[in-house]
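Examination of the molecular architecture
The chain contents come next:
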Amino acid sequence: MQDLIDYAKKKGITLQHEGPCQFCGSHVSQGIWECLDNVHHIAEILDFTNPKYYVTRFLSVDAMALQHCEIHGPWNNHIHLTRLYLIFEKNVAWNYSKTPLLSNIINHYKKNKKEFLTPPPLTKRGSLTTSDLLIASTPDECMKIVREWAKEVYLSFKPHHTLAASIANNYIKKYHS
Ligand SMILES: [Zn+2]
């Protein structure tokens, strides 16, 4: 939690405790704090030890991180966006062993670089938000809404898809060919 506050501070952002979420625009009443709570709803419905739900977990982590990216390290966007690219565009069946491999690729890529994937403007990061997760009451509904949410966020980062594709290709060349 302190990390989150520190990263926001570094960006000159004061985290709001009241009203809609300042990052995703979700119509909550306690800002990002309520978004963080909303995401827990998924874990209440899905058993994340079941491989069937792995992808939903990864998609939710990526969607949440990209929609609220001022509260993470500067290279997180590369990882989350590239993973969404691999899942959505390349149909890679993601699992826990693949994330460290993608991190290797990003670590190699970022050497001597200081770039930052500028996110879409605040509240313009996809029309679905964490509030929409609350309508899911069954595992199937949950999987569906999370995929739609992640897709919305992914599309809102369109200006960076070419870059995500090139990093993803490095990953595919090294680990999937
Ligand atoms: Zn939010």
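Look a little higher up for the structure.
Every value quoted in this text rests on a predicted model; they were computed, and no experiment measured them.

When its secondary structure is counted, the protein shows eight helices and zero strands. Order of helices (α) and strands (β) in the protein, N terminus to C terminus: α-α-α-α-α-α-α-α. Taking the principal axes of its C-alpha atoms as reference, the protein extends roughly 45 × 40 × 25 Å. The proportion of buried residues among the 177 residues of the protein is 32%. When contacts within the protein are restricted to residue pairs at least 6 apart in sequence, long-range pairs at least 24 apart make up 66% of them.

Our next topic: helix α3 (residues 54-67). With 14 residues, α3 should cover 20 Å at 1.5 Å per step; its first-to-last C-alpha distance of 20 Å lies within 8% of that length. Considered for burial, the residues of α3 that qualify are T56, F58, L59, S60, D62, A63, M64, L66 and Q67. Turning to α3, the residues buried within the fold contact α2 (31-45), α4 (76-88) and α7 (139-156).

Turning to the nonpolar core, a few remarks are in order. Of all hydrophobic cores here, the largest spans 31 residues; its most connected members are A63, V146, W149, A150 and V153. Residue assignment for this core shows that the elements contributing at least two residues are α3, α4, α5 (98-110), α7 and α8 (161-175). The contacts of A150, once residues within four sequence positions are left out, are L59, D62, A63 and L84. Formed by six residues, the second largest nonpolar core is a distinct cluster that contains C21, F23, I32 and C35.

The next thing to look at is α7. Across its 18 residues, α7 extends 26 Å between first and last C-alpha, which sits within 8% of the 26 Å expected from 1.5 Å per residue. Among the residues making up α7, those that are buried are C142, I145, V146, W149, A150, V153 and Y154. Tucked into the core, α7 has its buried residues touching α2, α3, α4 and α6 (130-133).

Cut-offs used in this document
- Residues numbered from 1 in each chain as written.
- Predicted model: local features only at pLDDT ≥ 70, side-chain atom pairs only at ≥ 80, totals over all residues.
- Helix = DSSP H or I, 4+ residues; strand = E, 2+ residues; numbered from the N terminus.
- Buried ≥ 20, exposed ≤ 12 C-beta atoms within 10 Å, placed from the backbone.
- Contact = placed C-beta atoms within 7 Å.
- Expected span 1.5 Å × (residues − 1).
- Core = buried A, V, L, I, M, F, W, Y, C linked by C-beta atoms within 7 Å.

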